[in-house]
Amino acid sequence: IGAEVNEDLTIMPITFEGQTGNFASNTQMTNLISRTLPGEDVTVTTAAPITTAALTRANALYMNNGIYTFSYARMLEALNEVENSCFSLNTSFAQVADAKKCAGAFPDNVRFIDDRNGGSTGIVGLAFVGGLSLISQSFTETDNNSVNGPYGAAWLMPASTTFIHEFSHVNTLDHAN
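Below you will find a few notes about this structure. (Residues numbered from 1 in each chain as written. Predicted model: local features only at pLDDT ≥ 70, side-chain atom pairs only at ≥ 80, totals over all residues. Heavy atoms only, no water.)

### Considering the packing of aromatic side chains
Here the structure, examined in full by the defined rule, presents eight aromatic pairs. Taking the centre distance of 5.1 Å and the plane angle of 40° together, the rings of Phe23 and Phe139 count as tilted. Residue Phe23 is located in the loop between strand 3 (19-20) and helix 1 (26-36), and its partner Phe139 is located in the loop between strand 11 (133-137) and helix 3 (158-170); the two are separated by 116 residues in the primary sequence. The class for Phe139 is buried, based on a relative accessible area of 6%. Ring centres of Phe163 and Phe167 lie 5.9 Å apart, and the angle between their planes is 10°; on these two criteria the pair is classed as stacked. One end of the pair, Phe163, and the other, Phe167, are both in helix 3, four residues apart, so they sit about a helical turn from each other. Grouping residues by exposure puts Phe163 and Phe167 together as buried. Through successive ring pairs, a cluster of aromatic residues spans Phe16, Tyr68, Phe70, Phe106 and Phe112. In this arrangement the basic side chain of Arg116 is found over the ring face of Tyr72, its NZ or CZ atom lying 3.9 Å from the centre. (Phe/Tyr/Trp six-rings, centres within 6.5 Å; stacked < 30°, edge-to-face > 60°. Helix = DSSP H or I, 4+ residues; strand = E, 2+ residues; numbered from the N terminus. Buried < 20%, exposed > 50% of the residue type's maximum accessible area, 1.4 Å probe, protein only. Lys NZ or Arg CZ within 6 Å of the ring centre and 35° of its normal.)

### A short note on the sheet that holds strand 7 (residues 101-106)
Taken in spatial order, the five strands line up as 4-1-7-11-10 in an open sheet, and their pairing is mixed. Strands with a single pairing partner mark the edges of an open sheet, and in this sheet they are strand 4 (40-46) and strand 10 (125-127). Pairwise comparison of adjacent strand axes, ignoring direction, gives a mean angle of 20° for this sheet. Summarising the sheet, strand 1 (residues 5-13) and strand 7 pair through five bridges and their orientation is parallel. Across the sheet, the residue bridging to Pro13 is Ala105, located in strand 7. (Pairing = 2+ DSSP bridges. Axes fitted to C-alpha atoms, helices over the stretch in contact; angles between N-to-C directions.)

### A closer look at the state of the cysteines
Tallied over the full model, the rule gives one disulfide. The partner cysteine of Cys86 in its disulfide is Cys102, sulfur to sulfur 2.2 Å. One quick way to see it: the torsion about the S-S bond of Cys86 and Cys102 is about 85°, and its sign makes the bridge right-handed. Here the residue Cys86 occupies a position in helix 2 (residues 72-89), and Cys102 occupies one in strand 7, the gap between them amounting to 16 residues. By relative accessible area, which is 0% here, Cys86 ends up buried. Assessed through its relative accessible area of 1%, Cys102 is described here as buried. (Disulfide = S-S within 2.5 Å.)

### Thoughts on helix 3
The end-to-end C-alpha separation of helix 3 is 19 Å, in line with the 18 Å expected for 13 residues at 1.5 Å each. Counting buried residues in helix 3 gives 10 out of 13 residues, a clear majority hidden from the surface. For helix 3, the complete set of buried residues consists of Ala159, Ser160, Thr162, Phe163, Ile164, Glu166, Phe167, Ser168, His169 and Val170. On its buried face, helix 3 is in contact with strand 1, helix 1, strand 4, strand 7, strand 10 and strand 11. Once helix 3 ends, the next one or two residues include Thr172, with phi positive near 70°. (Expected span 1.5 Å × (residues − 1). Contact = heavy atoms within 4.5 Å.)

### What to know about unusual backbone geometry
Backbone geometry places Glu17, a non-glycine residue, at a positive phi of 50°. Summarising the element assignment, Glu17 is placed in the loop between strand 2 (15-16) and strand 3. A positive phi is found at Asn65, a non-glycine position, where the angle reads about 55°. Of note, Asn65 is situated in the loop between strand 5 (62-64) and strand 6 (67-70).

What follows is the structure, encoded as structure tokens:
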């Protein structure tokens, strides 16, 4: 068993067209990470909201009922912008494991699709494996409190499952083969 890992996570809410993304409270986020990634001592803070050059009306593929849909390429650009902002928070670090990590929360009026091969599958989170940052859909609750047993339903809310999946990528875990 290795030494406990100290993690500093900065939440970066993304603002677009009057709406701002958000995650559950800093306390809930700390608990979520600690419960799903044992051995992590986590400190979560929330920064001021940011805007990204990737997310503009002109860059949207389409808009329907106030929800703007963006391509995979725009999602990747937005992730790069969060990553660059995260690098600016890290004055120096010996290795990525020691660096402050960042999580961009995109608002409910933003959707992304994987259109790389003519597809239209929704994407709810993205991260660089071994990078500093992720972006994920907004959510206010981490746990599905209606679950009272180990079978039949997930105990995490779907969006918090996405977040922890992407946070695991930031912590160098990739998909299994």
